[in-house]
Amino acid sequence: MMTMDVHTVLPSPVFKPNIFESNGKLDPRIQIKPYLNGYKQPQQQQPIPQTQHISGFSLNPACACLLMFGSLVRFSWIALRTVLVTINNLYCIPSYAVWMILLLPIRAVKPTFYWRVEGRLFHWLLSMVSLWSYSAGYHIMESGDKIDEVVEIETLVLVNHQSTSDVPLLMAAFNTRPGLLPNLTWVMDRIFKFTNFGIVSTIHGDFFVVAGKAARNQTILELSKYLQSVFIPRGRKWIVLFPEGGFLHKRRAISQR
């Protein structure tokens, strides 16, 4: 059994003013005013003229302008990135679906070639998704066993579901392994079949499950048939599964019962 941890390094703030001089003393141009109950500032300490109060600090106009400029740049990039991700969704997913439909006649004659092309397009599509993490300033650090040694081996990947960022981060981590994403199968709730990415998962041949104890036995039978009819014939290698069936903090109590 191999284990790998995927960590994210949070992006640094766009601008952090240095309020200390090289000798470790507070810059005299910046005056920190404590806001404690009952505290009165001595009369001899007069506020620096022409200052602007920001979050408990008194900054001179030049420093305040730099802070405002840094915030403006940051929020402008967030808005631009949101637009780019939306456009990316609008043209990448339909492009994938159209190409797969146009190539359907080849599937009847050369199914191996068809699924090879599909795997390449699927890899490119997931690379776009992994770009969402990089464009947000997140960097991935891996620890544990080297998964490169089992890329070509049938492997069951169990992931703790912590947040909605898990899938893009996994795609970013898998994207650097040649031949991994095309031979990857995702096990997900059937509700995702009706999302914008549902058509991609359906064409690629991911496995959809029905949540709940009532459908558990039927799901196991369907999974057995899926492995025989889709997973093995298409040469898939990895199955990615979130055992909790949702976010860990929401399903922990149910999973323990």
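Refer to the structure above for everything that follows.
Described below are features of the structure shown in this document. (Residues numbered from 1 in each chain as written. Predicted model: local features only at pLDDT ≥ 70, side-chain atom pairs only at ≥ 80, totals over all residues. Heavy atoms only, no water.)

### Digging into the overall build of the protein chain
- Of the regular secondary structure elements, the protein chain holds 7 helices and 9 strands.
- Accessible surface, the protein chain: about 17,300 Å² in total, of which carbon and sulfur atoms supply 63%. (Helix = DSSP H or I, 4+ residues; strand = E, 2+ residues; numbered from the N terminus. Areas by Shrake-Rupley, 256 points an atom, 1.4 Å probe, with all protein chains shown as cover.)

### Quick notes on the environment of asparagine 89
- Here asparagine 89 lies in helix α1 (residues 61-102).
- Residues asparagine 89 and leucine 125 lie 36 residues apart in sequence; the distance between their C-alpha atoms is 9.7 Å.
- What asparagine 89 contacts, discounting residues up to four positions off in sequence, is Pro94, Trp132 and Asn196. (Contact = heavy atoms within 4.5 Å.)

### Looking at the pattern of salt bridges
- Evaluation of the coordinates by the stated rule reveals 3 salt bridges.
- Where aspartate 148 meets arginine 177, a salt bridge forms, and the shortest distance between an N and an O atom there is 3.2 Å. Highlighted residues: aspartate 148 in the loop between β5 (139-144) and β6 (155-158) and arginine 177 in the loop between α4 (166-175) and β7 (184-189), separated in sequence by 29 residues.
- Of the residues examined, arginine 177 reaches a relative accessible area of 7% and is grouped as buried.
- Counted as one network, the salt bridges with shared partners bring together Glu142, Asp148 and Arg177. (Salt bridge = Lys/Arg side-chain N within 4 Å of Asp/Glu carboxyl O. Buried < 20%, exposed > 50% of the residue type's maximum accessible area, 1.4 Å probe, protein only.)

### A look at α4
- Of all 10 residues in α4, 8 are buried, a share of seventy percent or more.
- All buried positions along α4 are accounted for by Asp166, Pro168, Leu169, Leu170, Met171, Ala172, Ala173 and Phe174.

The values are spatial; any link to function lies outside them.
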